[in-house]
Amino acid sequence: MSGKNVTEVRLADAVGIAEAARCLESGGLVAVPTETVYGLAARADSAEAVARIYAAKGRPDFNPLIVHVRGLEQAERYAHFPYYAHHLAATQWPGPLTMVLPRRQDAGLAPAVTAGLATIALRVPAHPVMQALLAAVDFPLAAPSANRSGFISPTTAQHVLSSLDGRIDMVLDGGATAKGLESTILAVRENDTWEELRPGPLDSEWLNLDYKGQDRPGERPSKIEAPGQLASHYAPGKPVRLNALEAGPDEFMIGFGAVPGDVTLSAGGNLTEAASRLYAALHEAARAHHPRIAVAPVPEEGVGRAINDRLRRAAA
Ligand code: TXA
Ligand code: MG
């Protein structure tokens, strides 16, 4: 239980997953790999378990959590799916898409999961470990990224321990995550209009064309907001300078493409590779003795939009 101050690290094999399932059943906190980042999971139907997530992360209680489910059928117990949300679920789940949808009155989850909002964020992850865990329990899992609130998100079990060791019950070690950035968040309303609340690994350029075959530009994020999208986030704890072409004398340099660095996001200028390495590079920069961090320019295209979104928040 999360009262004790030892965090067990378990290999994410069948034995580890079964043990994690038992821990979750009794209201514990388990960090679990997903294809995006490691999540800090608790049973979403228990107010006590969900309260522990907020306490372990030091997360403000107005910032709601994503609820992870096995598939569309389970998701429909908790939210109303407008037509377009069905379409997105059919084409993008399982995967790095979170949908914010009108919450069902009879959802029956801990109120703190949704921070009192009339909507709920739902995601069907593709990672085999998270899928096995969801199959092993009979409740959905609330899971924010497994880091202290405001700090860099974890893409390895080691990253999780660096900020949550002693504050959670268990980490399931499933190696480094593939995508490296948190899921794309789209809010879909009853009338089928939608907004992108957070850019992510999903290539959302298709979104503008794909709805009933018509050109359907998304609206500017305005009415619905992701409360967690605060300007300062993913903070490595030292100043970050963006669009740098070379390092200053006291800077740890994160390179990209032709711009070299102490580490590089992708020497070949590949944005997918850069996304998968971003948080590991920021963790390394945070640990380095240099008092400052510089980051090479990353093109604002495809998943580069999501990378630049996180970099701007790291620098804010
Ligand atoms: O890839 C991911 O999405 C990871 C993995 C673990 O699934 N999770 C993650 O969770 O990034 P977190 O808590 O770090 O970010 C969730 C975001 C927050 O910005 C929160 O404000 C927003 O989702 N959110 C959750 N419920 C919402 C709602 N009902 N309306 C608007 N935003 C919501
Ligand atoms: Mg987070």
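Residues numbered from 1 in each chain as written. Chains lettered and ligands numbered in written order. Predicted model: local features only at pLDDT ≥ 70, side-chain atom pairs only at ≥ 80, totals over all residues. Heavy atoms only, no water.

1. Some thoughts on the confidence of the model for the chain
Phase 1 of the analysis: Here the chain shows a mean pLDDT of 91. Residues at 70 or above account for 90%.
Phase 2 of the analysis: Confidence drops under a pLDDT of 50 for residues 211–224, and excluding neighbours within four residues, the segment shows 33 contacts in the predicted structure. (pLDDT = per-residue confidence, 0-100. Contact = heavy atoms within 4.5 Å.)

2. With respect to the sheet that holds strand β14 (residues 292–295)
Phase 1 of the analysis: Spatially, the four strands line up as an open sheet ordered β11-β14-β12-β13, and their pairing is parallel. Looking along the sheet, the strands with just one partner apiece sit at the ends: β11 (240–241) and β13 (263–264).
Phase 2 of the analysis: Pairing analysis gives two bridges linking β11 to β14, with the strands arranged parallel. Among the inter-strand pairings, R241 is bridged to a residue of β14, identified as A294.
Phase 3 of the analysis: Against the sheet, helix α8 (residues 271–287) makes contact with β12 (251–255), β13 and β14, and its axis sits at roughly 170 degrees relative to β12, the strand it touches most. (Pairing = 2+ DSSP bridges. Helix = DSSP H or I, 4+ residues; strand = E, 2+ residues; numbered from the N terminus. Axes fitted to C-alpha atoms, helices over the stretch in contact; angles between N-to-C directions.)

3. Description of helix α5 (residues 128–136)
Phase 1 of the analysis: Those residues of α5 not exposed but buried are V129, M130, L133 and L134. Along the long axis of α5, the arc covered by the buried residues comes to 135 degrees, so they all point the same way. For α5, exposure combined with an orientation more than 90 degrees from the buried face picks out P128 and A135. (Buried < 20%, exposed > 50% of the residue type's maximum accessible area, 1.4 Å probe, protein only. Arc of directions from axis to C-beta.)

4. Considerations on the sheet that holds strand β4 (residues 66–68)
Phase 1 of the analysis: Across the sheet, ten strands lie side by side as β1-β8-β2-β3-β7-β4-β6-β5-β9-β10; this open sheet has mixed pairing. Where the open sheet ends on each side, the last strands, each with one partner, are β1 (8–11) and β10 (194–198).
Phase 2 of the analysis: In this structure, strand β2 (residues 30–33) lies alongside strand β8 (residues 170–173), joined through two bridges in parallel fashion. Looking at β8, one finds that A31 is bridged to V171.
Phase 3 of the analysis: In the packing of α5 onto the sheet, the strands contacted are β2, β4, β7 (141–142) and β8, and the crossing angle to β2 comes to about 130 degrees.
Phase 4 of the analysis: Running over the sheet, helix α6 (residues 157–164) touches β1, β2, β3 (38–43) and β8 and is turned about 165 degrees from β8.

5. Let's talk about α8
Phase 1 of the analysis: Over its 17 residues, α8 extends 24 Å from the first C-alpha to the last, a length consistent with the 24 Å expected when each residue adds 1.5 Å.
Phase 2 of the analysis: The sharpest bend along α8 measures roughly 45 degrees and falls at R277.
Phase 3 of the analysis: When we look at burial in α8, the residues that qualify are L271, A274, A275, L278, Y279, A281, L282, H283 and A285.
Phase 4 of the analysis: Where the residues of α8 are buried, they touch α6, β12, β13, β14 and α9 (304–315). (Expected span 1.5 Å × (residues − 1). Bend = angle between axes of the 7 residues up to and from the residue.)

6. Some details on the packing of aromatic side chains
Phase 1 of the analysis: Scanning all chains against the criterion turns up two aromatic pairs.
Phase 2 of the analysis: Look at F81 and W93: their rings are 6.1 Å apart centre to centre, the planes differ by 75 degrees, and that puts the pair in the edge-to-face class. Highlighted residues: F81 in the loop between α3 (72–75) and α4 (83–92) and W93 in the loop between α4 and β5 (97–102), separated in sequence by twelve residues.
Phase 3 of the analysis: A relative accessible area of 11% means that W93 is categorised as buried. (Phe/Tyr/Trp six-rings, centres within 6.5 Å; stacked < 30°, edge-to-face > 60°.)

7. Some thoughts on the nonpolar core
Phase 1 of the analysis: By size, the foremost hydrophobic cluster in this structure holds 45 residues, and its most contacted members are F81, W93, M99, L122 and I168.
Phase 2 of the analysis: The dominant element in this core, judged by the number of residues it contributes, is helix α2 (residues 47–57), at five residues.
Phase 3 of the analysis: L122 has contacts with I66, V67, V69, A75, Y78, A79, F81, W93, L97, T98, M99 and L101, leaving out every residue within four places of it along the chain. (Core = buried A, V, L, I, M, F, W, Y, C linked by side-chain atoms within 4.5 Å.)

8. Focus on the packing of helix α1 (residues 14–25) against α5
Phase 1 of the analysis: The interhelical angle for the contact between α1 and α5, taken along N-to-C directions, is 55 degrees, at an axis separation of 9 Å. Between α1 and α5, the interaxial angle falls into the category oblique. Where α1 crosses over α5, the two elements pack in a sense that is right-handed. Residues I17, A20, A21, L24 and E25 of α1 form the contact with α5, whose own contacting residues are V129, A132, L133 and A136. (Parallel < 35°, antiparallel > 145°, perpendicular 65-115°, else oblique. Left-handed = near helix turned anticlockwise from the far one by under 90°.)

9. Things to note about the environment of G302
Phase 1 of the analysis: Its location among the elements puts G302 in the loop between β14 and α9.
Phase 2 of the analysis: Residue class for G302 comes out partly exposed when judged on its relative accessible area of 30%.
Phase 3 of the analysis: Residues G302 and T272, spaced 30 residues apart in sequence, show a C-alpha to C-alpha distance of 8.9 Å.

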